[in-house]
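# Structural description and commentary
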Amino acid sequence: MRGLILVLGVFFAFESFAVAFCALRDPIQQINALFPGYSDYESEVKSINASTANAFLAEQGVPVTLHAKEIGKHTLFYVRDNAQLMGMVHVRSEPGNWGLVEIAWSLSADGKIKDYRFQRCRGGFCSDAESESFRARFRGLSVADLAELFDDKGDIRPVDLASGQELWETMVRSAVKTLVLTEAFWGQDRSY
């Protein structure tokens, strides 16, 4: 009996551990920061499978793939001002040099990056990435814009940063996955 309880406890611990990586913590506060003046939001959960996700990533011409452990149930938040769609929020986790970096990406109604907020970021360069100049590097980018940040070998081109190149690369990979997966799994269902 103890063995069964232990196995179930470990199973549920892993299950709740996995869910936390793509969850928007404190949605009201995060959405208010990303979309000031919003009137309401709703969320939609979908199961994302690796083969469909990786096929869609390949179609977009970006040298990024998803590991099966990154896949599962993900939530997209639709943010509205009355009935008008202001945009969406999608949280992605990406491994970085100091552990997982959890980013709440805000997207415009047409699927481009609007802004972001870190839910978890460790390391010395996280505060640099919260600066206005760093944020400006991502605002308005589409999948095609992000694809141009990769060289012919599939590596992310270095940028003129005094520091934080590793975090830049982590964020570019996260941004690509966010935009592509949002379009692949929610794009057809989006109600404007």
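To be clear, the structure that these remarks concern was listed above.
Note that the structure is predicted; figures quoted are calculated from it, not measured. (Residues numbered from 1 in each chain as written. Predicted model: local features only at pLDDT ≥ 70, side-chain atom pairs only at ≥ 80, totals over all residues. Heavy atoms only, no water.)

## Here's the deal with the overall build of the protein chain
Put simply, the rule is: Going along the chain from the N terminus, every DSSP run of H or I of four or more residues is numbered as a helix, and every run of E of two or more is numbered as a strand. Any residue under 20% of the maximum accessible area for its type is buried, any over 50% is exposed, and the rest in between are partly exposed; the area is computed with a 1.4 Å probe on protein chains only. By definition in these notes, contact holds between two residues if any of their heavy atoms fall within 4.5 Å.
For the protein chain, the count of helices and strands is seven helices and five strands. Listing the helices and strands of the protein chain from first to last along the sequence gives α-α-β-α-β-β-β-β-α-α-α-α. Burial status across the protein chain gives 40% buried among its 192 residues. A separation threshold of at least 6 residues defines the contact pool for the protein chain, and within that pool the share at least 24 residues apart is 61%.

## A word on the state of the cysteines
Heads up, the condition is: When the sulfur atoms of two cysteines come within 2.5 Å, that pair is taken as a disulfide.
A complete count under the given rule lists one disulfide for this structure. Through a disulfide, Cys 121 is tied to Cys 126; the S-S separation comes to 2.1 Å. Disulfide Cys 121-Cys 126: the torsion about the S-S bond is -80°, which places it as left-handed.

## Here we look at the packing of aromatic side chains
Inclusion rule: Only centres within 6.5 Å qualify two rings of Phe, Tyr or Trp (six-membered ring in Trp) as a pair; their planes then separate them into stacked at under 30 degrees, edge-to-face at over 60, and tilted for everything else. Distance and angle both matter: a charge sits over a ring if NZ of Lys or CZ of Arg is within 6 Å of the ring centre and within 35 degrees of the ring normal.
For the structure shown, the criterion picks out nine aromatic pairs. Ring centres of Tyr 38 and Tyr 41 lie 6.3 Å apart, and the angle between their planes is 55°; on these two criteria the pair is classed as tilted. According to the relative accessible area criterion, Tyr 38 is buried, its value standing at 18%. A residue is classified by how much of its surface remains accessible, and Tyr 41, at 30% relative accessible area, is partly exposed. Among the aromatic residues, those joined into a ring-pair cluster are Trp 105, Tyr 116, Phe 118, Phe 134, Phe 138 and Trp 168. In this structure, Lys 114 is placed above the aromatic ring of Phe 35, and the distance from its NZ or CZ to the ring centre is 4.8 Å. Over the face of the ring belonging to Tyr 116 we find Arg 135, whose NZ or CZ atom lies 4.7 Å from the ring centre.

## Some remarks on the sheet that holds strand S5 (residues 113-120)
Quick reminder of the rule: If DSSP finds at least two bridges between two strands, the strands pair. In this description, a line fitted to the C-alpha atoms serves as the axis of each element, helices being fitted only across the stretch in contact, and the angle between N-to-C directions of two axes falls anywhere from 0 to 180 degrees.
Strand order in this open sheet of five strands is S1-S2-S3-S4-S5, and the pairing throughout is antiparallel. Whereas interior strands pair on both sides, the edge strands pair on one side only; in this sheet they are strand S1 (40-48) and S5. Neighbour-to-neighbour, the strand axes of this sheet turn through a mean angle of 25°, independent of strand direction. Bridging between strand S3 (residues 84-96) and strand S4 (residues 99-108) involves 10 bridges; their strand directions are antiparallel. Within the sheet, the bridge partner assigned to His 90 lies in S4 and is Trp 105. Running at roughly 145° to S5, helix H2 (residues 27-34) makes contact with S1, strand S2 (72-81), S3, S4 and S5 of the sheet.

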